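Each chain is listed here by its residues.
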Amino acid sequence: MAEDTGLQESSTQEAGTVQHAPPSTTNTSLKQSTPSEEVIRLICNEDELKSAWMLRNKCFPEDEAVSLEKYEECYRAAPHLWFGYFDGEKLRGFLRGGGQKDDHYTSVGSPHDPDGETMCLHVLCVEEQYRRRGIGQKLMKAFIDYVEAKETRVKRIILMCHVEHIPVYTRVGFTLEGRAEVKFGKRSWYECCLNLTTYGSMTTDNASESASVPITTGNANGLKSVPMTTG
């Protein structure tokens, strides 16, 4: 799980919690967004990372807050797993992931394991005024597509969320596994899992829909930012 657990399309999710990658290359060029352009791309620098941290703590209660130092540590371990939704230069939502060997969440804030067969969706946050526009689902779709294409050892994606956010994840293919064993903050968390060995067959019939979902394809890690619609 992720160290900040909690998922809300209405807000955020973290620590294996979700509230709501790219192929590695030597290309270090970044695509600059125009003021009116909305894109999903990787978080690429200290300012964008700090914006993500501020958004995360704004969306979570005080007892689920995390330090900037912790976020910097997580980012250094896996910068290719931090996806941001940008409106021009402004970060309006983000998602971060991390690998681990265990099938289930066992601790909060565990370090990224590049050899793990489980991918944790640690956090998904969307700024309040940008919610109810499908941004959280688009971030998840871009992340899932990246993991399937580039993190081929990974067999499953897991996350933790509060009970009211379970439908956010089951709608995109996650299955409720039950109450999470990990304790973080005052409330209980629930673990959900997306089995990637069957996910592809589940989405084959939705190919025309997925074609409209923005996919990050080149920046600091060789991904390009692709303009997205805001439906």
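For the structure itself, look to the data block above.
Nothing here was measured: the structure is a model prediction, and the numbers come from that model.

Visitor: Mind showing me how you'd approach the overall build of the protein here?
Guide: Scanning the protein from terminus to terminus reveals six helices and eight strands. The N-to-C order of helical and strand elements in the protein reads β-α-α-β-β-β-α-β-α-β-β-α-α-β. Within the protein, the proportion of its 231 residues that are buried is 56%. A total of about 10,200 Å² of accessible surface is found on the protein, and carbon and sulfur atoms cover 49% of it.

Visitor: Would you mind showing me how to read the environment of Gly-88 here?
Guide: Assignment of secondary structure puts Gly-88 in the loop between strand S2 (82–87) and strand S3 (90–100). Gly-88 sits in the buried class, given a relative accessible area of 0%. Along the primary structure Gly-88 and Glu-38 are separated by 50 residues, whereas in three dimensions their C-alpha atoms are 6.0 Å apart.

Visitor: How should helix H1 (residues 46–59) be read in this particular structure?
Guide: The α-helix winds at 3.6 residues per turn, so residues separated by three or four positions along the chain end up facing the same way. The end-to-end C-alpha distance of H1, which contains 14 residues, comes to 20 Å, matching closely the 20 Å that a straight helix rising 1.5 Å per residue would cover. Its buried side turned inward, H1 meets strand S1 (38–42), helix H2 (68–77), S2, S3 and strand S4 (118–126). Put simply, Asn-45 is the residue that caps the front of H1, since its side-chain oxygen is 3.2 Å from the backbone nitrogen of Asp-47.

Visitor: Would you mind showing me how to read the packing of aromatic side chains here?
Guide: For any two aromatic rings, the description comes down to two numbers: the centre-to-centre distance and the angle of the planes. In the structure shown here, the tally under the stated rule is nine aromatic pairs. With centroids separated by 6.3 Å and ring planes inclined at 85 degrees, the aromatic side chains of Tyr-71 and Phe-94 adopt a geometry described as edge-to-face. In this pair, Tyr-71 is assigned in helix H2 and Phe-94 in strand S3, connecting sequence segments 23 residues apart. Here Tyr-71 matches Phe-94 in class, with each residue buried. An aromatic cluster is defined as three or more aromatic residues linked by ring pairs; in this entry it consists of Tyr-71, Tyr-75, Trp-82 and Phe-94. Here Arg-41 stacks its cationic end above the ring of Phe-86, 3.8 Å away from the centre of that ring. Between Arg-56 and the ring centre of Phe-60, over which it is positioned, the NZ or CZ distance is 3.7 Å.

Cut-off values and rules
Residues numbered from 1 in each chain as written. Predicted model: local features only at pLDDT ≥ 70, side-chain atom pairs only at ≥ 80, totals over all residues. Heavy atoms only, no water. Helix = DSSP H or I, 4+ residues; strand = E, 2+ residues; numbered from the N terminus. Buried < 20%, exposed > 50% of the residue type's maximum accessible area, 1.4 Å probe, protein only. Areas by Shrake-Rupley, 256 points an atom, 1.4 Å probe, with all protein chains shown as cover. Expected span 1.5 Å × (residues − 1). Contact = heavy atoms within 4.5 Å. Polar contact = N/O pair within 3.5 Å; in protein donor to acceptor, adjacent residues only side chain to side chain. Phe/Tyr/Trp six-rings, centres within 6.5 Å; stacked < 30°, edge-to-face > 60°. Lys NZ or Arg CZ within 6 Å of the ring centre and 35° of its normal.

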